[in-house]
Amino acid sequence: MWVEDPITRTYFGECWDDPAVGILIAGSLDRVRAVVAASREEGYTHVFGFVDRDFGYSNRDNWLSQEASPVFVPAVHEVENYLIEPAHLANCGYNTKGLGEAQIRKRLRDNAGRRVWWMACRDVLKDLRADIIRDFPTQGKVVADQATAEESILGSPWYANLPALAALIGQSDEIRRRLA
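Note that this is a predicted model, so its numbers are computed, not measured. (Residues numbered from 1 in each chain as written. Predicted model: local features only at pLDDT ≥ 70, side-chain atom pairs only at ≥ 80, totals over all residues. Heavy atoms only, no water.)

Caption draft 1: Representation of the overall build of the protein. Of regular secondary structure, the protein possesses eight helices and four strands. Overall, the C-alpha framework of the protein stretches about 70 × 50 × 25 Å when taken along its three principal axes. The proportion of buried residues among the 180 residues of the protein is 23%. Sequence-distant contacts, at least 24 apart, represent 42% of the contacts inside the protein between residues at least 6 apart. About 13,000 Å² of surface is accessible on the protein, with carbon and sulfur atoms providing 55% of the total. (Helix = DSSP H or I, 4+ residues; strand = E, 2+ residues; numbered from the N terminus. Buried < 20%, exposed > 50% of the residue type's maximum accessible area, 1.4 Å probe, protein only. Contact = heavy atoms within 4.5 Å. Areas by Shrake-Rupley, 256 points an atom, 1.4 Å probe, with all protein chains shown as cover.)

Here it is as structure tokens:
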């Protein structure tokens, strides 16, 4: 299984504790996807990936489907979220303040509450980026002259929709609406 970082490798290593399961670090979401796709193209159907959802979308509901992506994206923001269990933290040797489960849960909620607008901002930025690159033209066929190059770009659905999209997301009211 390919993962993004050492924390994720450690997490799954502790979960499985099985030397038969190899957990390798690719270094980024794009690299995980690339190495899994390349492995699958070479016929290695037992190769999978796991990436943080971050500000993207989970595919958790499809994990058991035969048609599912071989790269799993959890419902939680990052794999570290699985470690944030108040009962476990209360009993952890690093709980040097001796906080109880209820106290830890309150601190976690208070801390998360201070980040609501940061998360809203990041979520809107993610959506704006997705809107801007939706239908973005691929390199596709070889272009031999300027006229064909112009048609490739100017004739694309992305370019046709770009002025309307720019007008919409260029309005401060639209940004306020998305944040709310």
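Caption draft 2: Spatial organisation of the packing of aromatic side chains. Here the structure, examined in full by the defined rule, presents 10 aromatic pairs. A ring pair is formed by Phe12 and Trp16, whose centres lie 5.3 Å apart and whose planes are at 25°; its orientation type is stacked. With a gap of four residues between them, Phe12 and Trp16 both fall in helix α1 (residues 6-16), about one helical turn apart. With 6.0 Å between their ring centres and 75° between their planes, Phe55 and Trp118 make a pair best called edge-to-face. Residue Phe55 is located in the loop between β3 (49-50) and β4 (71-72), and its partner Trp118 is located in helix α5 (residues 116-133); the two are separated by 63 residues in the primary sequence. Here the aromatic residues Tyr11, Phe12, Trp16, Phe48, Phe50, Trp63, Phe72 and Tyr82 are joined through ring pairs into a cluster of three or more. Over the ring of Phe48 we find Arg40; its NZ or CZ atom is 4.8 Å from the centre of that ring. (Phe/Tyr/Trp six-rings, centres within 6.5 Å; stacked < 30°, edge-to-face > 60°. Lys NZ or Arg CZ within 6 Å of the ring centre and 35° of its normal.)

Caption draft 3: Quick peek at the sheet that holds strand β1 (residues 2-3). With respect to topology, four strands assemble into an open sheet ordered β2-β1-β3-β4, the strand pairing being parallel. Edge positions in the sheet fall to β2 (24-25) and β4, since each has one partner strand and no second. Inspection of the sheet shows β1 paired to β2 by two bridges, in the parallel sense. Directly across from Val3, in β2, lies its bridge partner Ile25. (Pairing = 2+ DSSP bridges.)

Caption draft 4: Local environment of the packing of α5 against helix α8 (residues 172-179). One can describe the packing of α5 onto α8 by two numbers: an axis separation of 9 Å at closest approach and a directional angle of 120°. On the basis of their axis angle, the class for α5 and α8 is oblique. In this structure, α5 meets α8 at a crossing whose hand is right-handed. Of α8, the residues touching α5 (which contributes Trp117, Ala120, Cys121, Val124, Asp127, Leu128 and Asp131) are Ile175, Arg178 and Leu179. Within the contact of α5 with α8, the residues separate by chemical class into seven nonpolar, no polar and three charged. (Axes fitted to C-alpha atoms, helices over the stretch in contact; angles between N-to-C directions. Parallel < 35°, antiparallel > 145°, perpendicular 65-115°, else oblique. Left-handed = near helix turned anticlockwise from the far one by under 90°. Nonpolar A, V, L, I, M, F, W, Y, C, P; charged D, E, K, R; others polar.)

Caption draft 5: Representation of the pattern of salt bridges within the structure. In this structure the tally under the stated criterion is nine salt bridges. Arg178 is the partner of Glu174 in a salt bridge, and the nearest nitrogen-oxygen pair spans 2.7 Å. With Glu174 and Arg178 both in helix α8, this residue pair falls four residues apart, about one helical turn. Connected through shared salt-bridge partners, Asp131, Arg134, Glu174, Arg177 and Arg178 make up one network. (Salt bridge = Lys/Arg side-chain N within 4 Å of Asp/Glu carboxyl O.)

On their own, these measurements won't tell you what the molecule is for.
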